[in-house]
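Notes for the structure review
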Amino acid sequence: MSVVVAKNIHKSFGALQVLKGVSLTVEGGEVVALIGRSGSGKSTFLRCLNGLETIDAGEIEVAGHRMSSKPAELRKLRRDVGIVFQSYNLFPHLTAGENIMLAPVQVKGLSRKAARDEAQRCLSLVGLGDRFDAYPDMLSGGQQQRVAIARSLAMQPQVLLFDEVTSALDPELTGEVLAVIESLARDGMTMLLVTHEMGFARRVANRTIFMKDGVIHEEGPSAEFFSAPKTPELQAFLRSEVG
Amino acid sequence: MRTFGSPEFLFIVYALRWTLTLTVIAFIGGGIMGIVLALLRIARSRVLRAVTTFYMQVIQGLPLLVLLFLCYYAPSLVGLEIAALTAAAVALTINSSAFLGAIWESALRAIPKAQWESADALALTPYKTLRFVIAPQAIRLALPSTVGFLVQIIKQTSLASIIGFIEITRAGQLVSNATFEPLKAFLSVAALYFAVCFPLTQLSLWLERRTARGGART
Ligand SMILES: Nc1ncnc2c1ncn2[C@@H]1O[C@H](COP(=O)(O)OP(=O)(O)O)[C@@H](O)[C@H]1O
């Protein structure tokens, strides 16, 4: 079953046309990487999928929910879609554990006890089982990002969106975050990730998509996509990324 | 003629409860109105923003004394006699609401948009976002200035003496008139203001240092 269906998405910021008809379908269990030069509209597209940006034209259905401008409908969709941001965006006044418990308790109505167990489980999943009571400012960037991933996981989403989640990290911390994402992929999590990590996309993503000037310029199964890029633009892009 | 002794001093001390009563009313009343104002100001509606901007600018631009006279004399236009305490409480509440509203609005605006966004993405309702994510951080930010403004309110209550309300400044005046010892009378008044305000000023400074150290934790 398709978890993400986006048809002919258009989006402008004022006079700037950022998305010019993007269509994408992601099946359950698939991992799809979005690559492309900065400014090509990757993040904007990702943010449209959970309604953080409104679209000007097109259709979106995620986890069985049609995109809606009605707040209550939008919240139903968002319960089933997790997003992880480049800058982690943890709540600084809450501990790692409380960050993770907040939405399960306040949105899903879980008891504190159940939410605590779930938070503990998610923290262990990202390798931070012993940092439940740590505040975000006591954690490294890589650890904060893993907590952010755990926070999304605790809602048991049907799909996870990753928006350049390692771009703000020092190279030595990137690996620990990518390892977590890779383990989620092995567990069959449906994921869509905007990334600059070409090697990671090639290894982990089933499919990679190259965006250019607000459209999907080329896409394909990652193995072929990277070993035999068809369009000159993608070839040039991959050369510039490797070199 | 009386000399300045303990009964006179105690008279001023007793008046302190009226200074404090007025302060508490103005702080709570102004605080409640201030919260509403701050929330209306960060709402999306342009009309609400325009209305609240007008209210806050008018109040902030008005000398408190003039506001006090207006509150005291305006009811008489419609034949109402109002107590000095009521007039002073209303004037100070209105005044505090505009300033506290501004302090809290800027604290709310200081919380990064990304915090709202993360909460949105987790499907929290706007109310729960405010309640569990934004307000706890904003309160921490606004606490030093809020306590600072509380000290302002305490001092502002002295203006109520002009419409005859007996708080400590007015009590000092009365004692001064009766004893012809204005210096002793007003030094006592000053000492009382200091005794109340100094701990609060220190608290405000401490809170400010704590906020500056950057911990967003509680
Ligand atoms: N909120 C916004 N307001 C105005 N312009 C925006 C906004 N968000 C993104 N943009 C612009 O849209 C374009 C695409 O941005 P983005 O989707 O972030 O690209 P990418 O993720 O591929 O780097 C950029 O030119 C960016 O400046």
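Fair warning: this is a prediction, and the values are worked out from it, not measured in the lab. Each chain has its residues counted from 1, following the order in which its sequence is written. Chains carry letters and ligands carry numbers; both start at the beginning, A for chains and 1 for ligands, and go up in the order they are written. Predicted model: local features are reported for residues with pLDDT of at least 70 only, side-chain atom pairs are reported and counted for 80 or more only, and whole-chain, interface and lining totals are derived from all residues. Side-chain calculation: all heavy atoms of the structure are included, whereas hydrogens and water are not.

1. Let's talk about the sheet that holds strand β3 (residues 31-35) of chain A
Residue and element names in this part refer to chain A.
- Only strands that DSSP links by at least two bridges are regarded as paired with each other. For helices the rule is a DSSP run of H or I covering at least 4 residues; for strands it is a run of E covering at least 2, with both sets numbered from the N terminus onward. In spatial order, the strands read β6-β7-β8-β3-β9-β10; together these six strands make up an open sheet with mixed pairing. What marks the edges here is a single partner per strand, and that holds for β6 (81-84) and β10 (215-221). Averaged over all neighbouring strand pairs, the angle between strand axes comes to 15°, with direction disregarded.
- Bridging between β6 and strand β7 (residues 159-163) involves four bridges; their strand directions are parallel. In this analysis, axes come from line fits to C-alpha atoms, helices being fitted only over the stretch in contact, and the angle between any two N-to-C directions falls in the range 0 to 180 degrees.

2. Observations concerning helix α6 (residues 126-156) of chain B
- In this scheme, a helix's expected span is set at 1.5 Å multiplied by one less than its residue total. With 31 residues, α6(B) extends just 36 Å between its outermost C-alpha atoms, more than 12% less than the 45 Å of an ideal straight helix rising 1.5 Å per residue.
- The largest bend in α6(B) comes to about 50°, at B:Ile134, with the proline B:Pro136 one to four residues further on. Fitting axes to the seven residues that end at a residue and to the seven that start at it, the angle between those axes gives the bend at that residue.

3. Comments concerning empty space enclosed by the protein
- Think of a 1 Å grid over the protein atoms and nothing else: a 1.4 Å probe that fits but is trapped marks a cavity, an open set flanked by protein within 12 Å on at least five of seven lines marks a pocket, and residues with an atom within 4 Å of a point count as lining. Grid points are joined across faces, edges and corners, and a volume is the space filled by probe spheres set on the points. All told, the structure shown has three cavities of 30 Å³ or more when counted by the stated rule.
- Taken as a whole, the largest cavity spans an internal volume of roughly 70 Å³.
- As for the largest cavity, its lining consists of A:Gly82, A:Ile83, A:Val84, A:Phe85, A:Tyr88, A:Ala148, A:Arg151, A:Ser152, B:Ser118, B:Ala121 and B:Leu122.
- Elements with a minimum of two residues in the lining of the largest cavity: β6 and α5 (141-153) of chain A together with α5 (113-121) of chain B.
- Three residue categories are used. Nonpolar comprises Ala, Val, Leu, Ile, Met, Phe, Trp, Tyr, Cys and Pro, charged comprises Asp, Glu, Lys and Arg, and polar comprises the others, including Gly. Tallied by class, residues from the lining of the largest cavity come to seven nonpolar, three polar and one charged.

4. Thoughts on the packing of aromatic side chains
Residues and elements named next belong to chain B.
- Stacked, edge-to-face and tilted are the three classes for Phe, Tyr and Trp ring pairs, Trp counted by its six-membered ring, which pair at centre distances within 6.5 Å; planes under 30 degrees apart are stacked, over 60 edge-to-face, the rest tilted. A full pass over the atoms with the stated rule returns seven aromatic pairs over all chains.
- Centroid distance Phe69 to Tyr73: 6.0 Å. Interplanar angle 35°. Geometry classified as tilted. You can see Phe69 and its partner Tyr73 sitting in helix α3 (residues 64-77), four residues apart, about one turn around the helix.
- Relative accessibility under 20% of the residue-type maximum defines a buried residue, over 50% an exposed one, and the middle range a partly exposed one, all with a 1.4 Å probe and only protein chains included. You can call Phe69 partly exposed: its relative accessible area is 29%.
- When the ring of Phe99 is compared with that of Phe149, the centres are 5.5 Å apart and the planes differ by 20°; the resulting orientation is stacked. Placement of Phe99 in helix α4 (residues 84-110) and of Phe149 in helix α6 is noted, with a sequence separation of 50 residues between them.
- Owing to a relative accessible area of 28%, Phe99 belongs among the partly exposed residues under this scheme.
- The class for Phe149 is buried, based on a relative accessible area of 8%.

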